[in-house]
Amino acid sequence: MLINSFIIILREVFEAALIVSVLLALCQILQLPRRYFLLSFMLGSILAIVYAINISSISMLFEGVGQEIINASLHFTSFICLQILIFSIASSSSSKMILWAIVGSFSAAFVREGFEIIIYILGFVGIEHLFDSVVAGSFIGAGVGFSIGVFFYYFIVSFNPLNGLRLGLFVLILVSGAMIIQALQLLIQADIIISQVPLWNSSGWVRESSVTGQILYALLGYESTPSPIQVIAYSASLLFSSTLAIKSLNAYKMRIKE
Amino acid sequence: MRILLIIYLITMVAAATAAPTINIRIHNHLFYPSKINIPADTKIKLLIDNQDPTAEEFESYELNREKVIPGHSKGVIFIGPLPVGEYPFFGEFFPKTAQGRVIVK
C-alpha cells in the first residue's frame, strides 16, 4: 500500500506542482507580488474540501456524469486563466489581470488534484492496518512531487529574465493544450461529445501507464489513442497560445529595452 | 457557421441516444463481474456501484477512462463504440485486486 500511495499522490502533486512552479517563476521574473499565492492556496484548499465532501452527490448530478462536467469545467477554467495570463504579459499596466489569472489557474489546479488526494486518504480513515502506510506513502509522494516543483522553479529563474519568460511561456502553452485535451476526454467519457475512432495508437512507442507516459500526460496531456476532435482542439490551442505568447514576448522585449 | 451548427446538432443527437446499461459492483476491492462482454461498435453505459467504504478509481488506459467512485456511492461511465478486442481496466487505489476486462465481440 505504501508504494501504491506514493505513486498515486506523486502523480497528483506532480501535475499541480508543474503549473504552480511555472506561475511562481513568472511572478519572480515579472517582479509581481507573491502574496496572491496564499489566497490561491486557501481558495483551492477550501474548494477541494467542499468538492471532496460532496463528491457522492456531485457524481450523480446530470444523470451520473456530474464529476466529469465539474472536472472538465476546472480544466476549461485553467485554460482560460492561462490564456489571460499569457496575453496580459504584453501590457505593463495589467499586473492585476496577471495576478487574478494566476489565482484562477492555481486554484483550479489545486481543486482538481486536491480533491482526489483528500478522497483517497479519507477512505482509509478507520482502517488501522492500512492507514499508516497510506499516510506514509502519501507524505513521501507529496514530498517528491513538491521537490520536483521546487527544482523546476529554480531551473526557470536560473535563466536571464527573457529566457526564463520564454521557457515559462513555452511550458504554459503545452499545459494549456493538455487542459483542453483532458477536458474533451472527460466530456467524451460523459457522452456529451460523441466518441470517435482514434486517429492513431502510439501505445507501442510510449505507454500511458509508463513513467514517460505519465510525465508526458502532465506536461502535454499525452493520449496514446486521441480522437480527431482532441487532436484538432489541441492543435488550435497550441496555435492560439503560441500567437499570444509571441506577442507578449515581443512586448516584454520592447519594455526591457526602454 | 451553418456547417458547425449541423455538426453540433448531429453530435448532440448521437450523444443523446440511449445506451444499454451494464452494472458493475465493487466489493472487497474486486470488480463483479470482472469480465464484461459487449457487442462491437456499440455505446455502453457502465453503472459502477462501489459497496466498499473506501473510494476507488476506475481506470483504463486502453478505454481512455478514469473516474473516482467514492465509498458507498455509484458512478456512470460511457464506453464505446469499440472495435473487437480486449480492454483491461483496474482500480487505481487497489490495483492488485481490483482488475477486470471488457471483451468486445
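Since the structure is predicted, the reported quantities are computational estimates derived from the model, not experimental observations. (Residues numbered from 1 in each chain as written. Chains lettered and ligands numbered in written order. Predicted model: local features only at pLDDT ≥ 70, side-chain atom pairs only at ≥ 80, totals over all residues. Heavy atoms only, no water.)

Undergrad: Looking at this structure, how should I read the overall build of chain A?
TA: A count of helical and extended segments in chain A gives 10 helices and 0 strands. For chain A, the N- to C-terminal ordering of α and β elements is α-α-α-α-α-α-α-α-α-α. Over its C-alpha atoms, taken along the principal directions, chain A stretches across nearly 65 × 40 × 35 Å. When burial is assessed residue by residue, chain A has 53% of its 258 residues classed as buried. Residue pairs in contact within chain A that sit at least 24 positions apart in sequence constitute 78% of those at least 6 positions apart. Summed over all atoms, the accessible surface of chain A reaches about 11,900 Å², with 73% contributed by carbon and sulfur. (Helix = DSSP H or I, 4+ residues; strand = E, 2+ residues; numbered from the N terminus. Buried < 20%, exposed > 50% of the residue type's maximum accessible area, 1.4 Å probe, protein only. Contact = heavy atoms within 4.5 Å. Areas by Shrake-Rupley, 256 points an atom, 1.4 Å probe, with all protein chains shown as cover.)

Undergrad: Where do I start with empty space enclosed by the protein in this structure?
TA: The method is simple in principle: a probe with the dimensions of a water molecule rolls over the atoms, and the space it marks as empty is what remains. Following the criterion strictly, the structure yields 3 cavities of 30 Å³ or more and no others. Here the largest cavity is characterised by a volume of approximately 470 Å³. Lining the largest cavity are 30 residues, with Glu116(A), Gln182(A), Leu186(A), Tyr217(A) and Glu66(B) positioned closest to its centre. Elements supplying a minimum of two residues to the lining of the largest cavity: helix 1 (2–29), helix 5 (66–88), helix 6 (95–122), helix 8 (161–189) and helix 9 (211–220) of chain A together with strand 5 (56–60) and strand 6 (65–69) of chain B. Residue composition of the lining of the largest cavity, by class: 6 nonpolar, 10 polar and 14 charged. Put simply, the second largest cavity is a space of about 60 Å³. When residues of the lining of the second largest cavity are traced back to their parent elements, those giving at least two are helix 1, helix 6, helix 8 and helix 9 of chain A. (1 Å grid on protein atoms, 1.4 Å probe; cavity = no way out; pocket = protein on both sides within 12 Å on 5 of 7 lines; lining within 4 Å. Points joined across faces, edges and corners; volume = space filled by probe spheres on them. Nonpolar A, V, L, I, M, F, W, Y, C, P; charged D, E, K, R; others polar.)

Undergrad: Help me out: how do you make sense of the environment of Glu57(B) in this one?
TA: Its location among the elements puts Glu57(B) in strand 5. A relative accessible area of 1% places Glu57(B) in the buried class. In this structure, the C-alpha to C-alpha distance between Glu57(B) and Phe90(B), residues 33 residues apart in sequence, is 8.0 Å. Discounting residues that sit within four places of it in the chain, Glu57(B) has contacts with Arg11(A), Glu116(A), Glu66(B), Lys67(B), Val68(B), Phe90(B), Gly91(B), Glu92(B) and Phe93(B).

Undergrad: What should I look at first to understand the interface of chain B and chain A in this one?
TA: By a widespread convention, an interface's size corresponds to the accessible area lost as its parts come together. Of the residues lining the interface, 30 residues belong to chain B; the matching set on chain A comes to 36 residues. In this assembly, chain B packs against chain A so that about 2,700 Å² is buried in total across both faces, 52% of it on carbon and sulfur atoms. At the boundary of chain B and chain A, one finds 5 salt bridges. Between Glu66(B) and Arg11(A) there is a salt bridge; the shortest N-O distance is 2.9 Å. At the surface where chain B touches chain A, the tally comes to 15 residue pairs in polar contact (both at pLDDT 80 or more). Elements represented by at least two residues in the side of chain B that touches chain A include exactly helix 1 (2–16), strand 5, strand 6 and strand 7 (73–79) of chain B. (Buried area = accessible area lost by both parts, 1.4 Å probe. Salt bridge = Lys/Arg side-chain N within 4 Å of Asp/Glu carboxyl O. Polar contact = N/O pair within 3.5 Å; in protein donor to acceptor, adjacent residues only side chain to side chain.)

Undergrad: For this particular structure, what's the right way to read the layout of surface pockets?
TA: Size it by volume and the largest pocket reaches roughly 810 Å³. In terms of lining residues, the largest pocket is bounded by 29 residues, among which Val13(A), Ala16(A), Phe41(A), Phe110(A) and Phe146(A) are the most central. Among the elements of the structure, helix 1, helix 2 (36–53), helix 6 and helix 7 (128–157) of chain A are those that each provide at least two residues to the lining of the largest pocket. With 9 residues, helix 7 of chain A is the largest single contributor of residues to the lining of the largest pocket. Residue composition of the lining of the largest pocket, by class: 23 nonpolar, 5 polar and 1 charged. Around the second largest pocket, the lining comprises 31 residues; the ones closest to its centre are Pro198(A), Thr225(A), Glu62(B), Leu63(B) and Tyr87(B). Among the elements of the structure, helix 8 of chain A together with strand 8 (85–91) of chain B are those that each provide at least two residues to the lining of the second largest pocket. Examining the composition of the lining of the second largest pocket, we find that 4 residues originate from one element, strand 8 of chain B, more than from any other. The class makeup of the residues in the lining of the second largest pocket is 12 nonpolar, 13 polar and 6 charged.

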